[in-house]
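Observations on the three-dimensional arrangement
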Amino acid sequence: MSHAMKSALTGDWLRKYGLLLALVLLCAVFASMSPVFLTERNLLNVLNQVSINATLAIGVTFVILIGGIDLGLGSYVALTGCLAALFAGSGEGAFVPIVLGVAGGLLIGLVNGVTITKGKLAPFIVTLGMMTIARGGALVISEGRPISNLSPSFNAIGGTVFGIQIPVLIVLVVFLLSLFVLNKTVFGRYVYAVGGNEEAARASGIHVHRIKLYVYVLCGGLAGVAGIMQTARIETGQPNIGVGFELDAIAAVVIGGTSLAGGSGRMTGTIIGALIIGVINNGLDLLNVPSYYQQIIKGLIIVGALLIDRKS
């Protein structure tokens with residue numbers, strides 16, 4: 001076998017399994033530094049912590065695949081969580097708060113999508129504005145205070161079943177559905193086509209604006225799901241929660257190999273990227289690394305992933 005062929009095979013292997021190998025090595029490093037890391041309780045805790053970020057990352061993967069961006073995810077979590085908590089605390093049980101939380105996220109996504117496609121504004125500007133609007137909305141409906149005394153049936157969403165946290169099961173279902181949509185449906189092929197070459201996609205008969213609109217609505221809806229899970233998990237609607245959530249979600253997508261230019265990426269990479277972010281957060285917490293150093297480390301990881309993306 002020639003040297004060029006061996007290099008090509010090695011490159012293919014690294015592209016397919018390099019991210020998973022990085023996750024395993026990262027786990028090995030933290031396990032060697034902290035005896036607590038590989039305990040069942042801690043690993044379940046990692047999965048539970050990852051569930052919120054993974055849900056947001058799945059939604060923003062669709063957005064980034066079309067060459068867009070959404071900077072308001074953390075604020076959407078706060079707004080939809082407070083909206084759900086407002087009704088979960090008034091004797092409505094779980095159904096109405098869940099519907100309203102998801103509907104709130106879908107509406108946010110719809111406004112983003114319409115403004116971007118019809119208003120022809122840059123996604124960066126639109127979602128930056130929506131980030132501020134949603135945060136303000138969360139403070140308004142909560143009157144600037146945490147919303148507590150939620151119904152037990154709603155708080156149960158943050159509980160466990162057969163020893164596994166319900167948010168982990170929810171994100172597993174969301175992941176499998178998104179994997180199917182992206183890889184096995186016409187919509188998924190259109191998402192890749194729009195991100196790969198928007199003009200070519202339009203010339204081939206794809207309704208580009210409609211695909212973009214659907215993608216932003218989907219991203220907003222999943223932010224609503226994340227808001228509900230977060231609120232149920234902490235049993236309180238917090239208007240100030242979610243600051244920096246968009247950073248972790250976008251970091252997971254970029255680390256997972258999705259190109260910020262659009263048209264290239266895998267949902268499995270996003271999940272592994274979210275797990276890597278979760279492992280880093282958990283491992284650094286176990287090692288008592290101050291939170292501000294953790295932000296620096298995550299920022300360096302994002303820049304490094306972007307440099308790799310540019311060179312690939």
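These lines cover the structure that appears in this document, whether it is placed above or below. (Residues numbered from 1 in each chain as written. Predicted model: local features only at pLDDT ≥ 70, side-chain atom pairs only at ≥ 80, totals over all residues. Heavy atoms only, no water.)

**As for the overall build of the protein**
- Within the protein, the regular secondary structure consists of 13 helices and two strands.
- Summarising its shape, the C-alpha atoms of the protein cover approximately 70 × 55 × 35 Å along the three principal directions.
- Burial status across the protein gives 46% buried among its 312 residues.
- Sequence separation of 24 or more characterises 78% of the internal contacts of the protein that already satisfy a separation of 6 or more.
- With an accessible surface of roughly 15,000 Å², the protein has 68% of that area assigned to carbon and sulfur atoms.
- Looking at the protein, you have 18 positive and 12 negative side-chain charges, and the mean spots of the two groups are 10 Å apart. (Helix = DSSP H or I, 4+ residues; strand = E, 2+ residues; numbered from the N terminus. Buried < 20%, exposed > 50% of the residue type's maximum accessible area, 1.4 Å probe, protein only. Contact = heavy atoms within 4.5 Å. Areas by Shrake-Rupley, 256 points an atom, 1.4 Å probe, with all protein chains shown as cover. Lys, Arg positive; Asp, Glu negative; His and termini not counted. Charge placed at Lys NZ, Arg CZ, Asp CG, Glu CD.)

**Some remarks on unusual backbone geometry**
- Even without being a glycine, Glu143 presents a positive backbone phi close to 55°.
- On the secondary structure map, Glu143 appears in the loop between α5 (123-142) and α6 (152-155).
- Look at Phe162: it is not a glycine, yet its phi comes out positive at around 55°.
- Its location among the elements puts Phe162 in the loop between β1 (160-161) and β2 (164-165).

**Here we look at the side chain of Asn53**
- Along the chain, the position of Asn53 falls in helix α2 (residues 40-65).
- Residue classification places Asn53 among the buried residues on the basis of a relative accessible area of 11%.
- Once residues lying within four places of it in the same chain are set aside, the contact partners of Asn53 are Phe245, Asp248, Ala249, Ala252, Ala274 and Ile277.

**So, the packing of aromatic side chains**
- Using the criterion set out here, one finds three aromatic pairs in the structure.
- Relative to Tyr214, the ring of Phe187 has its centre 6.4 Å away and its plane inclined at 50°; by these criteria the two rings are tilted. One end of the pair, Phe187, is in helix α8 (residues 186-196); the other, Tyr214, is in helix α10 (residues 208-234), with 27 residues separating them in the sequence.
- Under the relative-accessibility criterion, Tyr214 is labelled partly exposed at 44%.
- Judged by centre distance (5.3 Å) and plane angle (50°), the ring pair of Tyr292 and Tyr293 falls under tilted.
- In this structure Tyr292 comes out as exposed when scored by relative accessible area, which is 55%.
- The class for Tyr293 is partly exposed, based on a relative accessible area of 46%. (Phe/Tyr/Trp six-rings, centres within 6.5 Å; stacked < 30°, edge-to-face > 60°.)

**Quick notes on helix α3 (residues 73-88)**
- The first and last C-alpha atoms of α3 sit 22 Å apart over 16 residues, in line with the 22 Å expected at 1.5 Å per residue.
- Buried residues dominate α3, accounting for 13 of its 16 residues. (Expected span 1.5 Å × (residues − 1).)

**Description of the pattern of salt bridges**
- Per the stated rule, a full pass over the model turns up four salt bridges.
- Several salt bridges converge on common partners, so that one network encompasses Glu198, Glu199, Arg202 and Lys212. (Salt bridge = Lys/Arg side-chain N within 4 Å of Asp/Glu carboxyl O.)

**Brief notes about the environment of Gly163**
- Tracing the chain through its elements places Gly163 in the loop between β1 and β2.
- We classify Gly163 as partly exposed; its relative accessible area is 48%.
- Residues Gly163 and Leu44, 119 residues apart in the sequence, show an inter-C-alpha distance of 9.2 Å.

**Focus: the packing of α3 against α5**
- Two numbers describe how α3 lies on α5: the axes approach to 8 Å, and their chain directions differ by 25°. Put simply, α3 runs roughly parallel to α5. Our pair here, α3 against α5, has a crossing hand that is left-handed. Here α3 contributes Gly74, Ser75, Tyr76, Ala78, Leu79, Cys82, Leu83 and Leu86 to the contact with α5, which in turn contributes Thr127, Met130, Met131, Ala134, Arg135, Gly137, Ala138, Ile141 and Ser142.
- Residue composition of the contact of α3 with α5, by class: 11 nonpolar, five polar and one charged. (Axes fitted to C-alpha atoms, helices over the stretch in contact; angles between N-to-C directions. Parallel < 35°, antiparallel > 145°, perpendicular 65-115°, else oblique. Left-handed = near helix turned anticlockwise from the far one by under 90°. Nonpolar A, V, L, I, M, F, W, Y, C, P; charged D, E, K, R; others polar.)

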